[in-house]
Amino acid sequence: MKPMGPVPGGFGAIDGELAIGGRKASDWAEQSTPVFVYDRALLDGRVASLRAAMPKTLAIHYAMKANPFPPLLSHMAGLVDGIDIASAGEMRLAMDASVTPDRISFAGPGKDDGELEAAISAGVTLNTESAAEIRRALAIGERLGIAPRLAIRVNPVFDIKGSGMKMGGGAKPFGIDADLVPPLAREIADSGAQWRGFHIYAGSQALDADAVIATQAATLALAGDLAERAGVDVPHCNLGGGFGIPYFPGDAPLDIERVGEALSAALSRRSERLADTRFAIELGRYLVGEAGVYLTRVIDVKESHGEIFAVTDGGLHHQLAASGNFGTVVRRNYPVAVANRFDADPIEREQTIVGRLCTPLDLLANKVALPEIRAGDLVAIFCAGAYGASASPSAFLGHGPAREVLV
Ligand SMILES: *Cc1c(COP(=O)(O)O)cnc(C)c1O
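Calculation criteria
Residues numbered from 1 in each chain as written. Predicted model: local features only at pLDDT ≥ 70, side-chain atom pairs only at ≥ 80, totals over all residues. Heavy atoms only, no water. Helix = DSSP H or I, 4+ residues; strand = E, 2+ residues; numbered from the N terminus. Rg over C-alpha atoms; globule rule 2.2 N^0.38 Å. Buried < 20%, exposed > 50% of the residue type's maximum accessible area, 1.4 Å probe, protein only. Contact = heavy atoms within 4.5 Å. Areas by Shrake-Rupley, 256 points an atom, 1.4 Å probe, with all protein chains shown as cover. Lys, Arg positive; Asp, Glu negative; His and termini not counted. Charge placed at Lys NZ, Arg CZ, Asp CG, Glu CD. Polar contact = N/O pair within 3.5 Å; in protein donor to acceptor, adjacent residues only side chain to side chain. Core = buried A, V, L, I, M, F, W, Y, C linked by side-chain atoms within 4.5 Å. Domains from an automatic or database assignment. Pairing = 2+ DSSP bridges. Axes fitted to C-alpha atoms, helices over the stretch in contact; angles between N-to-C directions. Left-handed = near helix turned anticlockwise from the far one by under 90°. Nonpolar A, V, L, I, M, F, W, Y, C, P; charged D, E, K, R; others polar. Parallel < 35°, antiparallel > 145°, perpendicular 65-115°, else oblique. Near = heavy atom within 4 Å.

**Q** Account for the overall build of the chain, with residues named and values stated.
**A** Of the regular secondary structure elements, the chain holds 10 helices and 20 strands. Its C-alpha radius of gyration of 23 Å places the chain within 12% of the 22 Å reference for a compact globule of 407 residues. Counting only C-alpha atoms and orienting by the principal axes, one finds that the chain spans roughly 70 × 40 × 35 Å. For the chain, the residues scored as buried account for 56% of the 407 residues in total. A separation of at least 24 residues holds for 73% of the contacts in the chain among residues at least 6 apart in sequence. With the model as given, the accessible surface of the chain reaches about 16200 Å², and the carbon-plus-sulfur share is 53%. In the chain, the 38 positive side-chain charges and the 48 negative ones have mean positions that sit 1 Å from each other.

**Q** Before we move on, can you summarise the side chain of Arg153 with the specific residues and values?
**A** For Arg153, the position within the fold is in strand E9 (residues 149–155). Overall, Arg153 belongs to the buried group, its relative accessible area being 5%. A polar contact is formed between the side chain of Arg153 and the side chain of Glu129, at a distance of 2.9 Å.

**Q** So what's going on with the nonpolar core? Which residues, and what values?
**A** Tyr62, Ile83, Ile152, Phe198, Phe243 and Leu287 are the most contacted members of the largest nonpolar core, which has 106 residues in total. In terms of residues, this core owes the most to one element, helix H8 (residues 209–230), which gives 9 residues. Here this core spans two domains, and each of domain 1 (12–38 + 290–406) and domain 2 (68–283) adds at least three residues to it. By size, the runner-up hydrophobic cluster in this structure holds 17 residues, among which are Phe11, Ile20, Trp28 and Val293.

**Q** Run through unusual backbone geometry, naming residues and quoting values.
**A** One can expect most non-glycine residues to show negative phi and most peptide bonds to be in trans. Here Thr33 and Pro34 are connected by a cis peptide whose omega angle stands at -5 degrees. As for its placement among the helices and strands, Pro34 is situated in the loop between helix H1 (25–29) and strand E4 (35–38). Within the chain, Gln205 stands out as a residue other than glycine whose phi angle is a positive 50 degrees. Structurally, Gln205 is set in the loop between strand E11 (194–200) and H8.

**Q** Kindly report on the sheet that holds strand E3 (residues 23–24), identifying the contributing residues and their values.
**A** Spatially, E1-E2-E3 is the arrangement adopted by the 3 strands of the open sheet, whose pairing is antiparallel. At either margin of the open sheet sits one strand with a lone partner, and together these are strand E1 (13–14) and E3. Taken together, the 2 bridges between E1 and strand E2 (residues 17–20) define a ladder with antiparallel strand orientation. Residue pairing in the sheet places Ala13 in a bridge with Leu18 of E2.

**Q** Can you lay out the packing of helix H2 (residues 40–53) against helix H3 (residues 70–77) for me, pointing to particular residues and giving the numbers?
**A** At their nearest, the axes of H2 and H3 sit 11 Å apart, and the two run at 30 degrees to each other. Pair H2 / H3 crosses with right-handed handedness. From H2, Arg40, Leu43, Asp44 and Val47 reach across to H3, where they touch Leu72, His75 and Met76. Along the lines of polarity and charge, the residues of the contact of H2 with H3 split into 4 nonpolar, 1 polar and 2 charged.

**Q** With reference to specific residues and values, describe the packing of H8 against helix H9 (residues 256–268).
**A** Taken N-terminus to C-terminus, the directions of H8 and H9 make an angle of 20 degrees; their axes are 9 Å apart at the nearest point. Here H8 is positioned roughly parallel relative to H9, judged by the angle of their axes. The hand of the H8/H9 crossing is right-handed. Seen from H8, the contacting residues are Ala209, Asp210, Val212, Ile213, Gln216 and Leu220; seen from H9, they are Arg258, Val259, Ala262, Leu263, Ala266 and Leu267. Residue classes in the contact of H8 with H9 are distributed as 9 nonpolar, 1 polar and 2 charged.

**Q** Break down the site of the ligand for me, citing the residues and quoting the values.
**A** Inspection of the region around the ligand gives 12 residues, with Lys65, Ser204, Gly284, Arg285 and Tyr387 positioned closest. Arg285 places a side-chain nitrogen or oxygen 2.8 Å from an oxygen atom of the ligand. The fraction of the free accessible surface of the ligand (390 Å²) that becomes covered by protein chains is 92%.

Below you can see the structure in the form of structure tokens.
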């Protein structure tokens, strides 16, 4: 047997079945499978507990690349202070969700002139990622007769220790090396543009509170130091995020109470230069990841060389991350359950759950301990609220995308 990750909190049973949003999984699956079900109450609870743990003045942003499903995005927009986007396409979705441009910031390397123009015209803040991008934005602003709202995304020399995906520290396509930032900040502030401050993002999927605390302290110190060297005030400072969620065996939740207390203490010691700065963190998976379940129906159960395979109507074309092919080095099992017998005991024999694609990569749960799986059963794959539907190759093999619902 191979272990599975922990089933997230907030999921109970009704008549022995997995319950999502107060109804049985089979109700949500009735219309068609596969389906992603996102639970609104879990989103609300997550944001509420985060706010309770964080300093009161801290703004919370949702990085919408984690899940851009329009109903979910609209719901999140009502819960958080800002939406962080990474393309003009995401900008349109955010505006369609009635997010006002002053609450949107746009990061990402490779913003083309059309994207810069759309953001500047709308009044969206650009987290600029290179000197050349700053100059293009200034020129476009001049041409349009609009003072662009510009912040600098800083590539710090540190990253979050033990984080799943490194996005800061050393040579990176993201942000501007910290050394090069002060004269560019000065240039923006002197240009007549609206100088918005810094965006400093050091990593993702961190579960170790000490690592997050150390990174936030280093980020604050860096922001103060850059402001001092540039001789600019910092209206806004995005401290990054990187809060992780438990996906795999042995993962434990991030202790956000400790992170919040340490951040309060660090903020109270911040540089004089940052006295009037408004601080934010930006989170994706931490806000939405555990609120989503991918439900897929078992089409066939077969045996091969003594191993049991349950073949589902889903697969990596919807939930690439659970197959281990989205940013993990070693494949491990996500939390998985037989949704229609959620409270049944596992059988002695190990069972493997696969998708319906003709590739050995399409593995959803490898050699796990679950109740006996039969054709017609519903399999639930948890932690599907982030980097699921929109981060999977849904055109691959032609089965088409999964349905999504916010409940
Ligand atoms: C991807 C990304 C995020 C969200 O990451 P999560 O791990 O989902 O929290 C936030 N900020 C930036 C700049 C990103 O690229």
